[in-house]
Amino acid sequence: MIKRTLADLKPYDAANHFKMTAMRIHGKEETGAENFWMGISTFLPGGGAEYAYEDNPLEKVYYMLEGEMTVTDKEGTKYVLQAGDSMSFPPNEGRHLINESNKAASMLVIINYPK
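Bringing the pairing of strand 3 (residues 36-50) into the picture now. Relative to strand 9 (residues 105-112), strand 3 runs antiparallel, the two sharing 8 bridges. Paired with Trp37 across the two strands is Ile111, which belongs to strand 9. Of the strand pairs in this sheet, strand 3 and strand 8 (residues 95-98) are connected by 3 bridges, and their pairing is antiparallel. Bridged to Gly48 within strand 8 is Ile98.

The structure is reproduced here in structure tokens:
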């Protein structure tokens, strides 16, 4: 077992993300967990991320820590996540995230990579 604390967070860059900072606490290269990591992402106003609507093998869970983010799924349905809300996406479920508010928004992100 590997024990980690929030003090162990390390910065990382995420493709297709804009106006955001992210920190990773567990990663497969550090823990030996072959298909799992978690981190905290903070999106500035107007910041967001775009995920392909097909060929996206990741399972994801978002848990809002503060602020709010608008999530649009592949059918165009919009969901507004606020502090305390969570949302999960199965593999191959694309989505678009955007912070439409005038305050920064932070979320805990948990990702399961395919085996």
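Right, let's get into the pattern of salt bridges. Note that side chains of opposite charge can pair when their charged atoms are close. If you walk through the whole model with that rule in mind, you get 1 salt bridge. Put simply, Lys78 and Glu100 hold a salt bridge, and the shortest N to O gap is 3.9 Å. In this pair, Lys78 is assigned in strand 6 (residues 78-82) and Glu100 in the loop between strand 8 and strand 9, connecting sequence segments 22 residues apart. The exposure class assigned to Lys78 is exposed, which follows from its relative accessible area of 54%.

Note that Ile98 resides in strand 8. Measuring from C-alpha to C-alpha, the distance between Ile98 and His17 comes to 9.7 Å, with 81 residues separating the pair along the chain. Residues in contact with Ile98, not counting those within four places in the same chain, are Phe18, Gly46, Gly47, Gly48, Met69 and Thr70.

On average, residues of the chain score 81 in pLDDT, and 82% of them are at 70 or above. Strand 6 holds the highest mean pLDDT among the elements of the chain, 95, whereas helix 1 (residues 28-31) holds the lowest, 54.

Turning to the packing of aromatic side chains, a few remarks are in order. Evaluation of the coordinates by the stated rule reveals 1 aromatic pair. A cation sits over an aromatic face here: Arg95 above Phe89, 4.6 Å from the ring centre.

With that out of the way, let us pick up the nonpolar core. Counting 20 residues, the largest nonpolar core has Phe43, Tyr62, Met69, Leu97 and Met107 as the members making the most contacts within it. When residues of this core are traced back to their parent elements, those giving at least two are strand 2 (17-26), strand 3, strand 4 (59-66), strand 5 (68-73), strand 7 (86-89) and strand 9. The greatest single-element share of this core, amounting to 4 residues, is contributed by strand 9. Those residues in contact with Met107 that lie beyond four places of it in its chain are Gly39, Ile40, Ser41, Phe43, Tyr62, Tyr63, Met64, Leu65 and Met69.

So, on to the pairing of strand 6. Here strand 5 pairs with strand 6 via 5 bridges, running antiparallel. Within strand 6, the position partnered with Glu68 by the bridge is Gln82. A loop of 4 residues connects strand 5 with strand 6, the two strands running antiparallel in sequence, and Gly76 in this loop sits at a positive phi of about 90°.

Cut-offs used in this document
- Residues numbered from 1 in each chain as written.
- Predicted model: local features only at pLDDT ≥ 70, side-chain atom pairs only at ≥ 80, totals over all residues.
- Heavy atoms only, no water.
- Pairing = 2+ DSSP bridges.
- Helix = DSSP H or I, 4+ residues; strand = E, 2+ residues; numbered from the N terminus.
- Salt bridge = Lys/Arg side-chain N within 4 Å of Asp/Glu carboxyl O.
- Buried < 20%, exposed > 50% of the residue type's maximum accessible area, 1.4 Å probe, protein only.
- Contact = heavy atoms within 4.5 Å.
- pLDDT = per-residue confidence, 0-100.
- Phe/Tyr/Trp six-rings, centres within 6.5 Å; stacked < 30°, edge-to-face > 60°.
- Lys NZ or Arg CZ within 6 Å of the ring centre and 35° of its normal.
- Core = buried A, V, L, I, M, F, W, Y, C linked by side-chain atoms within 4.5 Å.

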